[in-house]
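Breakdown of the fold
Here are the chains, one letter per residue:
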Amino acid sequence: MPSEPTVEGAAPAAAADGRIPVSVITGFLGAGKTTLVNRILTENHGMKIAVVENEFGEVGVDDALVLQAKEEIFEMNNGCICCTVRGDLIRILNKLLLRRGGNRLDAVIIETTGLADPAPVIQTFFVDDDLAASYRLDALITVVDAAHVTARLDEERPEGVENEAVEQIAFADRIVLNKLDLVNKEVKDAVKSRIKAINASAHILEATRADVDLRQLLGIRAFSLDRVLENEPDFLEDKEHQHDSTVTSVGIARDGACDPSKLNEWLGALLAERGADIFRSKGVLAIKGSDERLVFQGVHMLAQLTTSAHGDVAPWRPDEPRTNRLVFIGRNLDRQDLISGFEACLA
Ligand SMILES: Nc1nc2c(ncn2[C@@H]2O[C@H](COP(=O)(O)OP(=O)(O)OP(=O)(O)O)[C@@H](O)[C@H]2O)c(=O)[nH]1
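Residues numbered from 1 in each chain as written. Predicted model: local features only at pLDDT ≥ 70, side-chain atom pairs only at ≥ 80, totals over all residues. Heavy atoms only, no water.

The test is simple: UniProt positions are given in the numbering used here, feature names are shortened, and annotations may be inferred rather than shown by experiment.
Naming follows an unreviewed UniProt entry, where the protein appears as CobW C-terminal domain-containing protein of Raphidocelis subcapitata. Per its UniProt entry, the protein bears the Catalytic activity (unreviewed entry) comment "GTP + H2O = GDP + phosphate + H(+)".

Written as structure tokens, this is what we have:
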């Protein structure tokens, strides 16, 4: 039996038509999607939730950053959810049904990569009959980084290449306008106007560290295919879509331990110089002489280093290989320079 949600008004779970509600969380690189997922996983709502994570990047880092609560976490790497791994998504969702047997899930959350166009993800739930019989798309939730979104929306793209940031806002049923601690009221109001010009109907929830009322996000039955078809009558037809191929990733995996001061210096200089082109950087690292796990998070020039001492991630286990994993996503990345820069930080 599904557990009864304890959050008032949240997800009457699978109750209404027997299908499991699916929330798709999208938003550009670094907007705060994993922060929102972690909030959902740690809040005391009493729901059984499975999370499907899709990362863009050669080396997976998010598995270490998503809090391992009781929920099931599935990862899909090496591809964009909207293209090559759509088959994987279908397989994972079908597997979830079989695995859980009578023990039903109350909700599924899919976190897409920051570079995903949400349309093919939405289509999956309508074009695959088996999936449509068991799951219903509850809402498409787009997390927006109030400090960086304007630059993303302004970006010119070559003919035929979509601007994912625009698409993510256009399809949203709910927008989490995040990182409001980083902007003043003027910027916030300007960003809200931009969002409304792209999508007038989505409800905007203001947030810092994705601190939204989950009753406004989960089990809200906000997705309407009719509304999408009104705007785009050929929405369910399989159309080719093109990604911006100038955005690439460099992943680094190296055993060993870092010298924290060298690491600080290298990352500080790198992001100060190249932060305009490096949209996103993140890493999970080992520090010399310590069991603490070091987490590095960067969005353009803004970066922070935290350790497991803060309680967000677990320290290294005694038997665990200390493999440092980093990923950089952006334009004009110099692979060799990034690799040798990091290697020089190893103690
Ligand atoms: N200042 C500030 N930082 C935030 C806020 N929300 C999240 N962050 C930080 O922004 C960085 C990126 O957050 P994530 O939740 O990992 O973003 P994401 O959208 O999952 O990023 P991708 O993995 O690139 O898709 C992390 O360092 C977060 O701690 C916020 O409201 N304010």
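After that view of the structure, there is still more to cover.
Section: the site of the ligand
To keep things clear, this is the line we draw: Near, as used in this document, describes a residue that has one of its heavy atoms within 4 Å of the molecule or strand being considered. A 3.5 Å cut-off defines polar contacts: any pair of N or O atoms within that distance qualifies, except that in protein one atom must be a possible hydrogen donor and the other a possible acceptor, and neighbouring residues in sequence count only when both atoms are side-chain atoms. Residue burial considers only the protein chains on display, and all accessible areas are found by Shrake-Rupley using a 1.4 Å probe. For helices the rule is a DSSP run of H or I covering at least 4 residues; for strands it is a run of E covering at least 2, with both sets numbered from the N terminus onward. In this classification, the charged set is Asp, Glu, Lys and Arg, the nonpolar set is Ala, Val, Leu, Ile, Met, Phe, Trp, Tyr, Cys and Pro, and all remaining amino acids, among them Gly, are polar.
Near the ligand you find 20 residues, and of these K33, T35, R209, R280 and K282 are the closest. Measuring from an oxygen atom of the ligand, one finds a side-chain N or O atom of T35 at 2.5 Å. Taking K282, its side chain carries an N or O atom lying 2.5 Å from an oxygen atom of the ligand. Relative to its unbound accessible area of 650 Å², the ligand is 92% covered by the protein chains. No other element matches the 3 residues that helix α1 (residues 33-42) contributes to the shell around the ligand. In terms of residue class, the shell around the ligand is made up of 4 nonpolar, 8 polar and 8 charged.

Overview of the sheet that holds strand β9 (residues 278-286)
Selection rule: In this analysis, strands are considered paired if DSSP registers two or more bridges between them. Between N-to-C directions, angles span 0 to 180 degrees; the directions come from axes that are lines fitted to C-alpha atoms, helices contributing only their stretch in contact.
Pairing is antiparallel across the open sheet formed by 5 strands, whose spatial order is β8-β12-β9-β10-β11. This sheet does not close on itself; its edge strands, each paired only once, are β8 (247-255) and β11 (302-307). With direction set aside, neighbouring strand axes in the sheet form an average angle of 10 degrees. Sheet topology places strand β10 (residues 293-299) next to β11; 6 bridges connect them, and they run antiparallel.

A short note on helix α11 (residues 335-343)
Just so we agree on the cut-off: Between buried and exposed lies partly exposed: a residue is buried under 20% and exposed over 50% of the maximum accessible area for its type, with that area taken using a 1.4 Å probe on protein chains only. The arc in question is formed by the directions pointing from the helix axis toward the C-beta atoms.
All of the buried residues along α11 are L338, I339, G341 and F342. Down the axis of α11, the sector holding all buried residues measures 165 degrees, keeping them to one side.

Some words on the pairing of β9
β9 sits mainly inside the fold: 9 of its 9 residues count as buried. Two elements, β9 and β10, share 7 bridges in a ladder whose sense is antiparallel. By the bridge assignment, V284 is partnered in β10 with V295.

Observations concerning the nonpolar core
What counts is decided by this rule: Throughout this description, the term nonpolar core refers to a set of buried Ala, Val, Leu, Ile, Met, Phe, Trp, Tyr and Cys residues connected via side-chain atoms within 4.5 Å.
Judged by nonpolar contacts, the single largest core of 26 residues is most densely connected at V22, L93, V108, I110 and Y135. At the level of elements, β1 (20-26), β2 (49-54), α3 (86-100), β4 (107-111), α4 (118-127), β5 (135-145) and α9 (225-231) are the ones that each hand at least two residues to this core. With 23 residues, the next largest nonpolar core counts A31, I40, L41 and V176 among its residues.

As for the side chain of N324
Where we set the bar: In what follows, residue pairs with any heavy atoms lying within 4.5 Å of each other are defined as contacts.
With respect to the secondary-structure elements, N324 resides in strand β12 (residues 323-331). Looking at N324, its side chain comes within polar contact range of the main-chain oxygen of G256, at 3.0 Å. Within the local environment of N324, its side chain forms a polar contact with the backbone nitrogen of A286, the two atoms lying 2.7 Å apart. If we ignore the near neighbours within four places in the chain, the residues touching N324 are I252, A253, R254, D255, G256, A257, C258, V284, L285, A286, F342 and L346.

Structural notes on α1
The buried count for α1 comes to 7 of 10 residues, which makes it a mostly enclosed element. Every buried residue of α1 is accounted for by K33, T34, L36, V37, N38, I40 and L41.

Some points on the pattern of salt bridges
Heads up, the condition is: Any Lys or Arg side-chain nitrogen found within 4 Å of a carboxyl oxygen on Asp or Glu counts as a salt bridge.
Enumeration over the complete set of coordinates arrives at 15 salt bridges. Across the pair D277 and R274 runs a salt bridge whose closest N-O atoms are separated by 3.8 Å. Given the relative accessible area of 24%, D277 is considered partly exposed. Residues joined by salt bridges that share partners form a network here, namely R293, R317, D319 and E320.

So, the UniProt feature "domain: CobW C-terminal" (unreviewed entry) in the protein
UniProt's feature table lists "domain: CobW C-terminal" (unreviewed entry) at residues 247-346, given in the numbering used throughout. Annotated as residues 247-346, this span is 24% helix and 40% strand, and its ends, taken at the C-alpha atoms, are 27 Å apart.

Quick look at the pairing of β12
For β12, the buried fraction is high: 7 of the 9 residues fall into the buried class. Bridge analysis of β8 against β12 gives 9 bridges, and the strand direction is antiparallel. If you follow T248 over to β12, its bridge partner there is G330. Judged from the 6 bridges that link them, β9 and β12 form a sheet pairing that is antiparallel. Across the sheet, G283 pairs through a bridge with L326, a residue of β12.

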